[in-house]
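Observations on the three-dimensional arrangement
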Amino acid sequence: MSVVPLGTLFSGAYHFRLPYFQRAYAWQTPEVGRLLSDIVGAMRRHDGQRPYFLGKLVVAKKADAPSAALVDGHQRVMSLTLLFAVLRDLESDAKLQDRLNGFIRGDDVRLSPQDVMAEFCERYVQAPGATAIDPAIDFETLSESERNIIENRNTLRAELSGGEYTPELRRALIGYLAERCCVIVSSIEDEDEAWSLLRTEEETRVDFSKSDRAKFSLLAIVPPAERASCQKIWENCEAALGATDMHALLGHIRLLKRRRLSGKPVEIDIADTFKFNAPGAGHSFLDSELRPAAERLAALRQASDTSPLPKLAERCRWVDPQLWVPAALLWLEKTRPPEETLLFFKRLERLVWIMRIAGFDPTKQHTRIIHLLGEIDRGVTVSRMTELDITPRLRDAAIFNLRSTSFDAKHYSGRVLRRISIALGQDPGPVERNSVTIEHILPRGYAPKSGWRTHFSSREAVQRYTHRLGNLTFLAPGDNQQADTLDWAQKKPILARSHFLLSKHVAEERDWTPDRILARTETLIGVLFKDWEIKL
């Protein structure tokens, strides 16, 4: 086992290959966003002088050869490859470009994915300039791993090319990544043995849920005489919320108490913050902190004909199940006029959505929520809460992504379309194969003699328009199948008879052209932003 700087890891000393049975690349934009944010934060905190550890890799590698089967650590190595590739393609200095390209390839690429992914990674990540190229293929034909690679790559590129990241900061980051960022590499010569050890570790580990681990850890500290009543409180709360939200709730309570993010296990921070080693402290926490918070959160999850708050909370959950919860819980602790509470939740929902659409750094999102907690504490009225405001930069970043030529490849595209439909007066429900499907009005492919060729004469023209927000609508599965690649004249009646408002509105158009797709994109953005009271 050894500590290896990234500059060595991504060099001729290692040539990583992914066995065919390796897990697929599953990281999404929150994970890569946090990776970048954490690295830059560590660099700034210590002026780039202290090492920053990025976890452990397990490889099967002989001491005298660079070939290394990546047994555990695929997500990090691929994400770091994306980061180096984006930095390379944004760099104007030829020597730095060469250095960065050296982290991606020598005589061959540093990371060889499975055969089925190799050409894709070469074309859109590893080749010089590749991160500026979007796939000229149907996004829906991409595998989940391929979609993750494209969206993560684009998120890193958008962040690193933004105003906050000057060329000087990017260059400092390059040096910090190569020289100060490290991983712990556990190397075993025999590949079968490496996989056997990893499998044994996974199979023999007791897989408690996070909630179970926190429960056992905290109740073990409580005096024996109090454990039965404490356990009952815990189980009642977990029955109302479920194990996942129960564990998350502990994190929300910690944040509300400490007002800062923590990397420690939540049960350790809770035990320390609420002095679980003092007589009665554990029971007091469960009864006075956990129970009322669980009740408030459970109330937000219960459908109501009299209160709009559960629907607003549900819409927050569509884009982020946890980020907004501390602010909601703190607000509901206090007595506020109903109209002020409604406005708060409307603004909170708006903020959560815009940050998600804009690709806002996850750490910055949490920091903004912490600052919002301070405004709630100070009794600032909702109309004066600056942390609920949508800044021009945030608005413009969201608009940029909503206008994207690959909008339908984004993981939130269906939810955005649903949210727009709600703003028009109809909730179609979630996008599901058996009830609600997304229809591309301009089809992603059509016959050589199709009428679509009148306005979209080449494959490149189709690619420029078919994946945009303005070209998407909802159809029932049967209608979607029937509409397929039909010309506009045949497709229009299918849209007109649909019970989805979005499709009925599209059917009012006389023709479907590039200008109409662009105009509808702007119209739908306008509908969404008007509902959120954001000025364009």
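Everything below is about the structure printed above this text.
The present account deals with the structure reproduced in this document. Residue numbering note: each chain is counted from 1, following its sequence as written. It should be noted that, the model being predicted, local features are given only for residues of pLDDT at least 70 and side-chain atom pairs only at 80 or more, the latter also being counted only at that level, while totals for whole chains, interfaces and linings use all residues. Excluded from the side-chain calculation are hydrogens and water; included are all heavy atoms of the structure.

Observations regarding the overall build of the protein
What counts is decided by this rule: Secondary structure elements are taken from DSSP: a helix is a run of H or I of four residues or more, a strand is a run of E of two residues or more, and numbering for both begins at the N terminus. Atoms counted for the radius of gyration: C-alpha only. Globule rule: 2.2 Å times residue count to the power 0.38. Exposure is judged per residue with a 1.4 Å probe applied to protein chains only, and the accessible area is read against the type maximum: over 50% gives exposed, under 20% gives buried, and values in between give partly exposed. Here, residues are in contact when the closest pair of their heavy atoms is within 4.5 Å. Using a 1.4 Å probe, the Shrake-Rupley method yields the accessible areas, and only the shown protein chains count as cover for residues.
Across its full length, the protein carries 24 helices and 8 strands. Radius of gyration (C-alpha) of the protein: 26 Å, near the 24 Å computed for a compact globule of 536 residues. Scored against the burial criterion, the 536 residues of the protein give a buried share of 52%. Sequence separation of at least 24 residues holds for 73% of the intrachain contacts in the protein that already meet a minimum separation of 6. Counting only carbon and sulfur atoms, one obtains 51% of the accessible surface of the protein, whose full area is about 24900 Å².

Observations concerning the pairing of strand β6 (residues 181-188)
Basically, it comes down to this: Should DSSP find at least two bridges between two strands, the strands are regarded as paired.
For β6, the buried fraction is high: 6 of the 8 residues fall into the buried class. Here strand β1 (residues 2-5) pairs with β6 via 4 bridges, running antiparallel. Its bridge partner lying in β6, serine 2 is registered against valine 185. Relative to β6, strand β3 (residues 52-61) runs parallel, the two sharing 7 bridges. Residue pairing for β6: phenylalanine 53 is matched across the bridge by cysteine 182.

Describing the state of the cysteines
Stated precisely, the cut-off is as follows: Here, two cysteine sulfur atoms that lie within 2.5 Å of each other are counted as a disulfide.
Overall, the coordinates contain 0 disulfides when judged by the stated rule. Free of any disulfide, cysteine 182 has its nearest cysteine sulfur in cysteine 181, 7.1 Å distant.

Brief notes about the side chain of asparagine 148
We count it as follows: Pairing of N or O atoms within 3.5 Å defines a polar contact, subject to two protein rules: one partner must be a possible hydrogen donor and the other a possible acceptor, and residues neighboring in sequence count only if both atoms are side-chain atoms.
Along the chain, asparagine 148 falls in helix α6 (residues 144-160). Only 3.2 Å separates the side chain of asparagine 148 from the backbone oxygen of tyrosine 25, close enough to count as a polar contact.

What to know about the packing of aromatic side chains
Note the threshold: Pairing of aromatic side chains here covers Phe, Tyr and the six-membered ring of Trp, requires ring centres within 6.5 Å, and sorts the geometry by plane angle: under 30 degrees stacked, over 60 edge-to-face, intermediate tilted. Comment: the charge-over-ring label is applied if NZ (Lys) or CZ (Arg) is within 6 Å of the ring centre and within 35 degrees of the ring normal.
For the coordinates displayed, the defined rule picks out 16 aromatic pairs. Between phenylalanine 456 and tyrosine 465 the ring centres are 5.9 Å apart and the planes differ by 65 degrees, which places this aromatic pair in the edge-to-face class. Just as phenylalanine 456 is buried, tyrosine 465 falls in that class too. A ring pair is formed by phenylalanine 474 and phenylalanine 500, whose centres lie 5.9 Å apart and whose planes are at 55 degrees; its orientation type is tilted. Remark: phenylalanine 500 occurs in the loop between α22 (488-497) and α23 (501-506) and phenylalanine 474 occurs in strand β8 (residues 472-475); sequence separation between them is 26 residues. The two residues phenylalanine 474 and phenylalanine 500 agree in class, both being buried. Put simply, the rings of Trp318, Trp353, Phe529 and Trp532 touch in pairs and so form one group of aromatic residues. Lysine 61 extends its terminal NZ or CZ atom over the ring of tyrosine 14, reaching a point 5.3 Å from the ring centre.

A short note on the environment of valine 462
Relative to the assigned elements, valine 462 resides in helix α20 (residues 459-465). Sequence separation of valine 462 and tyrosine 446 is 16 residues, and the distance between their C-alpha atoms is 9.7 Å. With residues up to four places along the chain from it excluded, the contact list for valine 462 reads Leu442, Pro443, Arg444, Tyr446 and Phe456.

As for the pairing of β8
The alternating pattern of β8 places Leu472 and Phe474 and Thr473 and Leu475 on opposite faces, both of which are buried. Sheet analysis places strand β7 (residues 437-440) next to β8, joined by 4 bridges and oriented antiparallel. Looking across to β8, one finds that histidine 440 is bridged to leucine 472.

A closer look at the pattern of salt bridges
Two side chains with opposite charge may pair up if their charged atoms get near one another. Defined as follows: For this analysis, a salt bridge means a side-chain nitrogen from Lys or Arg found within 4 Å of a carboxyl oxygen belonging to Asp or Glu.
The tally for this structure, following the rule as stated, stands at 25 salt bridges. Residue arginine 88 is joined to aspartate 89 by a salt bridge in which the shortest nitrogen-to-oxygen separation is 2.8 Å. By relative accessible area, which is 19% here, aspartate 89 ends up buried. Aspartate 377 is the salt-bridge partner of arginine 259, the closest N and O atoms lying 2.4 Å from each other. Here aspartate 377 lies in helix α17 (residues 362-377) and arginine 259 lies in the loop between α11 (243-258) and α12 (266-273), a separation of 118 residues in the sequence.

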